[in-house]
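So the chains spell out like this:
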Amino acid sequence: MDRRKFVRLGAVGVAAAVVKPSLAAENLSTEKSQKFVAITKPVMISTWNHGLEANKAGWEVLKKGGSSLDAVEAGARVTESDIKNRSVGIGGMPDRDGNVTLDACIMDWESRCGSVGYLEGIAHPISVARHIMDNTPHVMLVGLGAKKYALKNKFETIKTPLPEVKEEWKKWKKEQAELAKKPEINHENHDTIGLLAMDADGRISGACTTSGWAYKLPGRLGDSPIIGAGLFIDQEVGGAVATGLGESIIRIAGAHTVVELMRHGRSAQEACKEAVDRLISKHKDMTGLQCGFLAVDKFGNVGAYSVFNGFNFALRTNDKEELVDAKHDRSW
Ligand code: GLY
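Everything numeric here is computed off the predicted structure, so don't read it as measured data.

Colleague: Can you break down the overall build of the protein residue by residue, with the values?
Modeller: In terms of regular secondary structure, the protein is built from ten helices and 13 strands. For the protein, buried positions account for 59% of its 332 residues. Taken as a whole, the protein presents about 13,500 Å² of accessible surface, with 55% of it coming from carbon and sulfur.

This is the structure we're talking about:
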């Protein structure tokens, strides 16, 4: 199911789409008891239902003893290549001028990190982010500089928006003109994929990649390229990724907040919930403000929590491959 439709459907859609209750889901509901209990390594979790396919690619790496870093990059590349996905990579939605600009970041167990923002016409922003991490003294490159870097390093180019996405954008522009008012930013048409993996050696890495908020103002960056907002890893504690409205996630340094809460003794699940509570406390108007967090602690326990219902994540372990419905604070 298309993720946006999934979000719009709310509780009914969620009930229909969620795979049968699992041990992982039960563990999530007994977070206190799982606090210091390791689940079997490796483990991989990814946001939304597109996370299932991403996890498959990541698992190919993990099951052969590969690194969590290679796993999350491989997983992110799958979603970036999916022409049906309207929130990530080649199929992503454009800004209000009709240009598709992509954001991504990656981080590993040694706190190495790389990031790209406002990158246009490159197939795999996540691999550019990794290349920056591996080969430069910098963390983040954006816009024309990022594009120049990607081209110089022979990264695959793409033509965006896809024709069908362009048609959608043209329709949107026309509607805005007919309404004769300032274009409104569409809260529903954006999201990301965030991935966390712990490999057989217990090393944690994470990645996230997105085309951001559909019809955003040109130049807008969300949380996804920002280390500490969209993604944060500290091997001493665990890792977290965020999804949803980037502006609100940045406001509380979302992923970093989740990790710091785990450092102070919260389970992965408790940390995600407390970060959502904090985010809610910083916003007077919660209309349509969907955000969710995923976390894994250094023992391999996972957690997830969102503001509204409708957020799910894909879980992969040695004996599980499933979609899990995240707990939430409120219903649409
Ligand atoms: N979370 C993705 C974005 O706001 O761009």
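Once you've had a look at it, read on.
Colleague: Before we move on, could you go through the side chain of His124 and cite the residues and values that matter?
Modeller: Relative to the helices and strands, His124 resides in the loop between strand S3 (113-119) and helix H5 (125-135). On the basis of relative accessibility, which here comes to 8%, the residue His124 falls in the buried class. For His124, the side chain forms a polar contact with the side chain of Ser81, separated by 3.5 Å. Once you skip the residues sitting within four places of it in the chain, His124 turns out to touch Arg77, Glu80, Ser81 and Glu156.

Colleague: Can you lay out the sheet that holds strand S4 (residues 140-142) for me, pointing to particular residues and giving the numbers?
Modeller: Strand order in the open sheet formed by eight strands is S4-S3-S2-S6-S5-S1-S11-S12, and the pairing between neighbours is mixed. Either end of the sheet is taken by a strand with one partner, and the two such strands are S4 and strand S12 (321-325). Sheet twist, expressed as the mean angle between neighbouring strand axes with direction ignored, is 10°. One ladder, built from five bridges, connects strand S2 (residues 102-107) with strand S6 (residues 204-210); its direction is antiparallel. Among the inter-strand pairings, Asp103 is bridged to a residue of S6, identified as Thr210.

Colleague: Got a sec to walk through a nonpolar patch on the surface? Specific residues and values, please.
Modeller: Together, Val139, Met140 and Val142 make up an exposed nonpolar region whose accessible area comes to about 220 Å². Along the chain, Val139 falls in the loop between H5 and S4. Val139 sits in the partly exposed class, given a relative accessible area of 36%.

Colleague: Report on the site of the ligand, specifying residues and quantitative values.
Modeller: With respect to spatial proximity, eight residues lie near the ligand, and among them Gly212, Arg220, Asp223, Gly244 and Gly246 are the closest. Contact distances for the ligand include 2.6 Å between a nitrogen atom and a side-chain N or O atom of Asp223. Between the ligand and Gly246 there is a distance of 2.9 Å, counted from an oxygen atom to a backbone nitrogen or oxygen. Coverage of the ligand by the protein amounts to 100% of the 200 Å² it exposes when considered alone. For the shell around the ligand, the class distribution of residues is no nonpolar, six polar and two charged.

Colleague: Account for helix H6 (residues 143-152), naming residues and giving values.
Modeller: Quick reminder: α-helices carry 3.6 residues per turn. Residues three or four places apart thus point the same way. Gly143, Ala146, Tyr149 and Ala150 are the residues of H6 that are buried. The arc that holds every buried residue of H6, seen down its axis, measures 125°, which confines them to one face. In this structure, H6 carries Leu144, Lys148 and Lys152 as exposed residues pointing more than 90 degrees from its buried face. For H6, the elements touching its buried residues are S3, H5 and S4. Among the residues trailing H6, Lys154 stands out with phi positive, at a value near 60°.

Colleague: Just give me the short version of the packing of helix H9 (residues 254-263) against helix H10 (residues 268-281), but keep the residues and values in it.
Modeller: Contact pair H9 / H10: the axes reach a minimum separation of 8 Å and the direction vectors enclose 130°. The angle between H9 and H10 places the two elements in the oblique class. The handedness of the crossing between H9 and H10 comes out as right-handed. Contacts from Thr257, Val258, Leu261 and Met262 of H9 reach H10 at Ala268, Ala271, Cys272, Glu274, Ala275 and Arg278.

Colleague: Account for the pattern of salt bridges, with residues named and values stated.
Modeller: Here the structure, examined in full by the defined rule, presents 21 salt bridges. The closest approach of N and O atoms between Asp70 and Arg130, which form a salt bridge, is 2.6 Å. Pair noted here: Asp70 is in helix H4 (residues 68-80) and Arg130 is in helix H5, with a separation of 60 residues, a long-range link. A relative accessible area of 33% means that Asp70 is categorised as partly exposed. Given a relative accessible area of 15%, Arg130 falls into the buried group. A salt bridge links Arg263 to Asp234, with the shortest nitrogen-to-oxygen separation between them at 2.7 Å. Of this pair, Arg263 sits in helix H9 while Asp234 sits in strand S7 (residues 231-234); the two residues are 29 residues apart in sequence, bridging distant segments of the chain. When its relative accessible area of 35% is taken as the criterion, Arg263 is described as partly exposed.

Procedures and definitions
- Residues numbered from 1 in each chain as written.
- Predicted model: local features only at pLDDT ≥ 70, side-chain atom pairs only at ≥ 80, totals over all residues.
- Heavy atoms only, no water.
- Helix = DSSP H or I, 4+ residues; strand = E, 2+ residues; numbered from the N terminus.
- Buried < 20%, exposed > 50% of the residue type's maximum accessible area, 1.4 Å probe, protein only.
- Areas by Shrake-Rupley, 256 points an atom, 1.4 Å probe, with all protein chains shown as cover.
- Polar contact = N/O pair within 3.5 Å; in protein donor to acceptor, adjacent residues only side chain to side chain.
- Contact = heavy atoms within 4.5 Å.
- Pairing = 2+ DSSP bridges.
- Axes fitted to C-alpha atoms, helices over the stretch in contact; angles between N-to-C directions.
- Patch = residues over 30% accessible without salt bridge, like charges linked within 9 Å, V, L, I, M, F, W, Y side chains within 5 Å.
- Salt bridge = Lys/Arg side-chain N within 4 Å of Asp/Glu carboxyl O.
- Near = heavy atom within 4 Å.
- Nonpolar A, V, L, I, M, F, W, Y, C, P; charged D, E, K, R; others polar.
- Arc of directions from axis to C-beta.
- Parallel < 35°, antiparallel > 145°, perpendicular 65-115°, else oblique.
- Left-handed = near helix turned anticlockwise from the far one by under 90°.

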